[in-house]
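Per-entry structural report
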Amino acid sequence: MEKLLDVKNLHVSFDTYGGEVQAVRGVNFDVKKGETLAIVGESGSGKSVTTKALMQLIPMPPGRIKEGEILFEGKDLAKLSEKEMQKIRGKDISMIFQDPMTSLNPTMKVGNQIMEGLIKHQKMNKTQARKRVVELLELVGIPDPESRMKQYPHQFSGGMRQRVVVAIALACNPKLLIADEPTTALDVTIQAQILELMKDIQKKTDSGIIFITHDLGVVANVADRVAVMYAGKIVEVGTVDDIFYNPKHPYTWGLLGSMPSLDSQDAELYAIPGSPPDLLNPPKGDAFAARNEYAMQIDLEQEPPMFKVSDTHYAATWLLHENAPNVEPPEAVKARMKGMATNASSDTEGERV
Amino acid sequence: MTRYILQRLGYMLITMFLIATFTFFLMKLLPGSPLAAADKLSEEQQAIVLEKYGLNDPVPVQYFNYMVNLAQGDLGISFQFDNREVTTIILDRIGPSMQLGFQAMVIGTILGMLLGLVSAIYHNGFLDYSSTFLAVVGQSIPSFVFAGILQYYVGVRLGWFPVALWEGWEYTVLPTISLAIFPIAIAARFMRTEMLEVLGSDYITTARAKGVNKFGVVFKHGLRNALIPLITVLGPLAIGLMTGTLVIENIFAVPGIGEQFVKAINTNDFPIIMGTTLLIAFLFIFIVLVIDLLYGVIDPRIRLAEGE
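Remember, predicted model here, so these are calculated numbers, not experimental data. Residue positions are counted from 1 within each chain, in the order its sequence is given. To label them, take the chains in the order written and letter them from A, then take the ligands in the order written and number them from 1. Reporting of local features is limited, given that this is a predicted model, to residues whose pLDDT is at least 70; pairs of side-chain atoms are given and counted only at 80 or more, and all residues count toward the totals for whole chains, interfaces and linings.

Thoughts on the overall build of chain A
- Working definition: helices are DSSP H or I runs of at least four residues, strands are E runs of at least two. Numbering for both runs from the N terminus. The secondary structure content of chain A amounts to 12 helices and 12 strands.
- C-alpha atoms define the radius of gyration, and 2.2 Å times the number of residues to the power 0.38 defines the globule rule. In terms of C-alpha radius of gyration, chain A reaches 21 Å, essentially the compact-globule figure of 20 Å for 353 residues.
- In this scheme every C-beta is placed from the backbone, and a residue whose C-beta has 20 or more other C-beta atoms within 10 Å is buried, one with 12 or fewer is exposed, and one in between is partly exposed. Looking at chain A as a whole, 44% of its 353 residues qualify as buried.
- In this description, a residue-residue contact is defined by the distance between C-beta atoms placed from the backbone, which must lie within 7 Å. Taking contacts inside chain A between residues at least 6 apart in sequence as the whole, the part at least 24 apart equals 66%.

Written out as structure tokens, the structure reads:
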């Protein structure tokens, strides 16, 4: 399949009084047309910075793209000027933000907020734009769009506002949609609706989606492929099946193990000890070593390269080296994986009937 | 909306009544007598004069009489200026004060907001530091210092504008500038802080993600949201300026209300004190109402539901 976005060796740093914070330290990934790539990782792992850097939405200064290429349809976005970037933002790439309560302008009518992109990018006049807004609001499932578009954000509930945010992002049929934790601030039923909505729209428009989240349940639901980020790097990448049923990186084990599930009999939830490293002075070797119970001497000295597990599955851990001891994931994680496998198989059986 | 305004007007009446009452009794506690040359008059003569103005009655009776007249719109007759009505005196004097205050406020707000915007847009750049420096200078140096400097350099040395008096529009220039410096500084500092905060908010990122350019981000999305706190500060400042500023009026020999008010207090000219206080109170309450209505215009979240 055609690569829509190809990020190569992306480094993003923030220059602070304390020094250079290396928020993203050499990230490689790609997104194909019609594909959903989920980026998971704990807070501060660089997920949001990576995607904001794609659109040059990080504050610059202090932030800067230090190195690397962001190839979007063959064009390197990292080298574009602010003016050129403005033509791409909202048109080819758009973004859905985390908190619907704060991501809409409180003093502007909802319709006008959606219209803005249409008038700017598609050179529509007011009447055309208004018609398209009604269509978009219908598409995202807001009833009575004619009168709703004349209202202000505070007259909408959280779920409805997120639909408006989605409508803004979709206004110009973007080729790439970046969703930065789009459902984190919503309650579970609304979450499911928004996710369904995004999947539906993706089917219709064949756009690529980058989905940032730390909710692995959501990942299993929406993603085709998953990239696990830790301390500004991607430590494991693979299809959903690779990551959920055959995870190789101890950090991925930790993430999976710390995910509560309804049927888990074992009362204790697995937690990853410690906290992520300070990216002002990134540690030598594997950044996860200090929190990793399987860490070896080499983890403290040398950074692991990406080891190939299969054609779709790569992980950066020395445990995959041919000389490394054979380490099994902890029991809790294994149980979780088994649980997930049975869930998944019962799901598919259900579909077959 | 109409009901809301009527309700507010009702509260205004109550407030005015309370202010009139407090001021009346407080004023009676002022030392001294309203008589200009008390020591040259015999006690008998003094008693006759006081009797004529009803000042020998017990204070509650005086209060009652005053309030009855006030309710009929009669502010009484000044003690200092024989047979001149307080209303006429105030109306003569308030004009120049309000004109100066209004001009200073308009210029101050516009220039101050521009300075603040420039600061916010070029945050931490040379323009930001320069405008912040100007704002700090404007806020910390008293207006009469500027007044003196303007009078000497612009008025005397350059001879561009008259140094003092009140005989035409060109006479308003220097006092207006002197008065405007404080609001410029305040508006600039507030605008800068608010705009920076607004520019850091999520919906600005949303706007940028839509491809909106820098101008659109600041003026279309930012300005309206940054204005709300600014109005809160500028409202009371406007009232202060428009009801007369003693020092500036004195320096430029402007026949304004500020000077008149202080003179009235010094001479125990009770009707003038009452009249001026009530006028200032009225303007204050009125502008507060206007500000509250403005909030609604700017921020839809505060807007009152129609027909409520």
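Here the narrative resumes, following the displayed structure.
Quick look at the overall build of chain B
- Looking only at helices and strands, one finds 12 helices and zero strands in chain B.
- For chain B, the α and β elements follow one another from N to C terminus as α-α-α-α-α-α-α-α-α-α-α-α.
- Each principal axis of the C-alpha distribution contributes one length, and for chain B these read about 85 × 60 × 30 Å.
- Considering only residue pairs separated by 6 or more positions, chain B has 73% of its internal contacts joining residues 24 or more positions apart.

Focus on the interface of chain B and chain A
- Facing 19 residues of chain B, the contacting portion of chain A comprises 24 residues.
- Within the residue set of the side of chain B that touches chain A, elements represented by two or more residues are α8 (202–209) and α9 (214–242) of chain B.
- If one sorts the elements of the side of chain B that touches chain A by residue count, α8 of chain B sits on top with seven residues.
- Taken together, the residues that form the side of chain B that touches chain A break down as six nonpolar, seven polar and six charged. Any residue that is not Ala, Val, Leu, Ile, Met, Phe, Trp, Tyr, Cys, Pro, Asp, Glu, Lys or Arg is counted as polar, Gly included; the first ten are nonpolar and the last four charged.

Brief notes about the domain arrangement of chain B
Residues and elements named next belong to chain B.
- Here the limits of each domain have been adopted from an automatic or database domain assignment. For chain B, the domain assignment lists domain 1 (6–71) and domain 2 (89–298).
- Inter-centroid distance (C-alpha atoms) of domain 1 to domain 2 is 34 Å.
- Each partner contributes to the interface: domain 1 provides 14 residues, whereas domain 2 provides 12 residues.

Examining helix α10 (residues 250–257) of chain A
- For α10 of chain A, a buried count of eight out of eight residues is recorded, marking the element as mostly surrounded by other parts of the structure.
- What α10 of chain A keeps buried is the set Pro250, Tyr251, Thr252, Trp253, Gly254, Leu255, Leu256 and Gly257 of chain A.

A few points about the confidence of the model for chain A
- By definition, pLDDT measures how confident the predictor is in each residue, and it falls between 0 and 100. Considering every residue of chain A, the mean pLDDT works out to 83; 92% of them sit at 70 or more.
- The secondary structure element of chain A with the lowest average pLDDT is helix α12 (residues 331–352) of chain A, at 56, and the one with the highest is strand β3 (residues 36–40) of chain A, at 92.

Describing the packing of helix α1 (residues 2–28) of chain B against helix α3 (residues 59–71) of chain B
Residues and elements named next belong to chain B.
- Two elements in contact, α1 and α3, have axes separated by 11 Å at closest approach and are oriented at 140°. Judged on the interaxial angle alone, α3 and α1 are oblique. As for the relative orientation of α1 and α3, their crossing is right-handed in sense. For the pair α1 and α3, the contacting residues are Ala20, Phe24 and Lys28 in the first and Val59, Tyr63, Tyr66, Met67 and Leu70 in the second.
- Considering only residue class, the contact of α1 with α3 consists of seven nonpolar, no polar and one charged. Orientation is described by lines fitted to C-alpha atoms, with helices fitted over the stretch in contact, and by angles between N-to-C directions that extend from 0 to 180 degrees. Any angle that falls under 35 degrees is termed roughly parallel, while one over 145 is termed roughly antiparallel, one within 65 to 115 roughly perpendicular, and all others oblique. Take the far helix as your reference; a near helix turned counterclockwise from it by less than a right angle gives a left-handed crossing, and one turned clockwise gives a right-handed crossing.

Structural notes on the sheet that holds strand β1 (residues 3–16) of chain A
All names here are of chain A.
- In space, the four strands of this open sheet follow the order β2-β1-β4-β5, with antiparallel pairing throughout. Each edge of the sheet is formed by a strand with only one pairing partner; in this case those strands are β2 (19–32) and β5 (75–76).
- When DSSP finds two or more bridges between two strands, those strands count as paired. Bridging between β1 and β2 involves 11 bridges; their strand directions are antiparallel. What sits directly across from Leu5, in β2, is Val31.
- Set on the sheet, helix α1 (residues 47–54) makes contact with β1, β2 and β4 (63–72); between it and β2 the angle comes to about 70°.

Considerations on the sheet that holds β3 of chain A
Residues and elements named next belong to chain A.
- Taken together, the eight strands give an open sheet; going across it, the order is β6-β7-β8-β3-β9-β10-β12-β11, and neighbouring strands pair in mixed fashion. Both edges of this open sheet fall to β6 (93–96) and β11 (307–308), since each of them pairs with a single strand only.
- Across two bridges, strand β10 (residues 233–239) lies against strand β12 (residues 314–315) in antiparallel orientation. Note that in β12 the partner of Glu236 across the bridge is Ala315.

Here's the deal with helix α3 (residues 110–121) of chain A
All names here are of chain A.
- Among the 12 residues in α3, 10 count as buried, and that is most of the element.
- Val110, Gly111, Gln113, Ile114, Met115, Glu116, Gly117, Leu118, Lys120 and His121 are the residues of α3 that are buried.
- Buried residues in α3 make contact with α4 (126–139), α5 (145–148) and α6 (158–170).

Notes on the environment of Lys109 of chain A
Residues and elements named next belong to chain A.
- You can see Lys109 is positioned in the loop between β6 and α3.
- For the pair Lys109 and Asn323, spaced 214 residues apart in sequence, the C-alpha to C-alpha distance is 62 Å.
- Excluding residues within four positions of it along the chain, Lys109 makes contact with Lys150, Gln151 and Tyr152.

So, the packing of helix α4 (residues 86–121) of chain B against helix α12 (residues 270–298) of chain B
Residue and element names in this part refer to chain B.
- Following both chains from N to C, one finds α4 and α12 inclined at 55°, their axes separated by 10 Å at the closest point. Between α4 and α12, the angle is such that the two are oblique. You can see that α4 and α12 cross each other, and the crossing is right-handed. Residues Val86, Ile89, Ile90 and Ile94 of α4 lie in contact with α12, whose contacting residues are Pro271, Ile272, Gly275, Thr276 and Leu279.
- Looking at the contact of α4 with α12, its residues break down into seven nonpolar, two polar and no charged.

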